[in-house]
Amino acid sequence: MPEKIEMAKTVNEFRVGSVPTVFYIPDFITDSEHDQLLNTIYDAPISKWKSLKNRRLQNWGGVVHEKGLIAQDLPPWLTRITRRINEKSGLFPSSINHVLINEYLPNQGIMPHQDGPAYYPVVAILSLGSPVVIDFTPHPNLSIRVGTRENSVDDEISDQEAAVRNSCEQLDNFHPFSIILMPRSLLIFKDMVYSDYLHGIKDSEVQGCNKAVNVTNVQNHGVLQHSSGSAKALDIDDTVICRASTRVSLTCRLVTKVYKSIFKF
Ligand SMILES: O=C(O)CCC(=O)C(=O)O
Ligand SMILES: [Fe+2]
């Protein structure tokens, strides 16, 4: 039992930004684990990759349906990582059972989106390769739901919930923010950031990071570049990162409703 308390304390030490449910853990894996993971990912048969318009992905753990997961066991090279995430974070009620691997070229990204109701509302993203900036923006519906109560015909939130959200807004919580994801780092976000924010990565090689809440964490890594004073005058980010190489991420999640596959693979 004391162990669990110790773990919970550990993850709280990595909170970043003004929202209480975002954690950034630098150096979550070692250099050699990083390189081994990349080798194993690129050793997978080409058929394991699914190409989308703006990125490629590998799906591990089974197929996620609206009603749950048609589960397949994760391979040991992934459970080594997911077990560590489970143990170190103490934030998942059971073992992570799904991993999505995304690959982005320097001019690729992922549209602002939410991960949806199929998953338990905690996401852990392990980053490999090029640094990148992930942007969080309050869900557009949120301002309508929190703001104008009088014209909210389809509004299903209770007055109590509205009051909580209003007070959150007054606390200045619902603002866009960004996080710089360095290779080997683990990002965890959960609860209201999971449900009330969109997250996305811009498809540009140069990414602004004035709004990054972990700038101080990465200052000594030599990835930040500063442009001239005119950027500030034009209200453009004057601190940027330049993505020179491919980024690979492992999005680790838990689907609580699981169906065992009737097929053998
Ligand atoms: O690559 C990332 O860091 C984000 C991936 C993501 O948002 C997702 O897989 O849902
Ligand atoms: Fe996502």
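Note that this is a predicted model, so its numbers are computed, not measured. (Residues numbered from 1 in each chain as written. Chains lettered and ligands numbered in written order. Predicted model: local features only at pLDDT ≥ 70, side-chain atom pairs only at ≥ 80, totals over all residues. Heavy atoms only, no water.)

Quick word on the site of ligand 1
Around ligand 1 there are 13 residues in total, and Asn-102, Tyr-104, His-199, Arg-247 and Ser-249 lie nearest to it. A distance of 3.3 Å separates an oxygen atom of ligand 1 from a polar atom in the side chain of Asp-115. Side-chain polar atom of Thr-251 to an oxygen atom of ligand 1: 3.1 Å apart, as the coordinates give it. Contact with the protein chains removes 97% of the 300 Å² of surface that ligand 1 exposes when unbound. Listed by contribution, the elements that provide at least two residues to the shell around ligand 1 are β6 (98–104), β7 (110–113), β12 (197–201) and β16 (247–253). Residue contributions to the shell around ligand 1 peak at 4 residues, all from β16. (Near = heavy atom within 4 Å. Polar contact = N/O pair within 3.5 Å; in protein donor to acceptor, adjacent residues only side chain to side chain. Areas by Shrake-Rupley, 256 points an atom, 1.4 Å probe, with all protein chains shown as cover. Helix = DSSP H or I, 4+ residues; strand = E, 2+ residues; numbered from the N terminus.)

Structural notes on the sheet that holds β7
Sheets are built from strands paired through backbone hydrogen bonds, the pairs being either parallel or antiparallel. Spatially, 4 strands are ordered β7-β12-β9-β10 in an open sheet, and the strand pairing comes out antiparallel. In the strand order of this sheet, the two ends are held by β7 and β10 (177–181), each with one partner. Shown here is a sheet whose adjacent strand axes are inclined to one another by a mean of 15°, direction ignored. (Pairing = 2+ DSSP bridges. Axes fitted to C-alpha atoms, helices over the stretch in contact; angles between N-to-C directions.)

What about the coordination of the iron ion (ligand 2)?
Listed as protein donors to the iron ion (ligand 2) are His-113 (NE2), Asp-115 (OD) and His-199 (NE2); their distances from the metal cover 2.0 to 2.2 Å. The motif formed by the donor residues of the iron ion (ligand 2), counted along the single chain, is H-x1-D-x83-H. With His-113 in strand β7 and His-199 in strand β12, this residue pair connects regions lying 86 residues apart in the sequence. (Donors = N, O, S within 2.8 Å, 3.2 Å for Na, K, Ca; no water.)

Considerations on the nonpolar core
Within the largest apolar cluster, 36 residues are counted, with the highest numbers of intra-cluster contacts made by Val-22, Phe-136, Ile-179, Ile-180, Leu-187, Phe-189 and Val-193. For Val-193, the contacting residues outside a window of four places in its chain are Val-19, Thr-21, Val-22, Phe-136 and Phe-177. If you look at the next biggest cluster of nonpolar residues, it comprises 30 residues, including Ile-81, Leu-91, Ile-96 and Leu-254. (Core = buried A, V, L, I, M, F, W, Y, C linked by side-chain atoms within 4.5 Å. Buried < 20%, exposed > 50% of the residue type's maximum accessible area, 1.4 Å probe, protein only. Contact = heavy atoms within 4.5 Å.)

Comments concerning the confidence of the model for the protein chain
Predicted confidence across the protein chain gives a mean pLDDT of 85, with 79% of residues reaching 70 or more. Within the model, pLDDT remains below 50 along residues 144–155, and this stretch shows 13 contacts once partners closer than five positions in the same chain are excluded. Scored by ipTM, the complex comes to 0.99, with pTM at 0.85. (pLDDT = per-residue confidence, 0-100.)

A few points about helix α3 (residues 76–89)
An ideal rise of 1.5 Å per residue puts 20 Å on 14 residues; α3 measures up with 20 Å between its terminal C-alpha atoms. Along α3, the positions that sit buried rather than exposed are Trp-77, Leu-78, Ile-81, Thr-82, Arg-84, Ile-85, Asn-86 and Ser-89. Remark: Gly-90 follows α3 within two positions and exhibits a positive phi of approximately 65°. (Expected span 1.5 Å × (residues − 1).)

Regarding the packing of aromatic side chains
If you walk through the whole model with that rule in mind, you get 5 aromatic pairs. Ring geometry for Phe-136 and Phe-177: centres 4.8 Å apart, planes at 10°, overall stacked. Of this pair, Phe-136 sits in strand β9 (residues 132–138) while Phe-177 sits in strand β10, placing them 41 residues apart in sequence. Of the residues examined, Phe-177 reaches a relative accessible area of 8% and is grouped as buried. (Phe/Tyr/Trp six-rings, centres within 6.5 Å; stacked < 30°, edge-to-face > 60°.)

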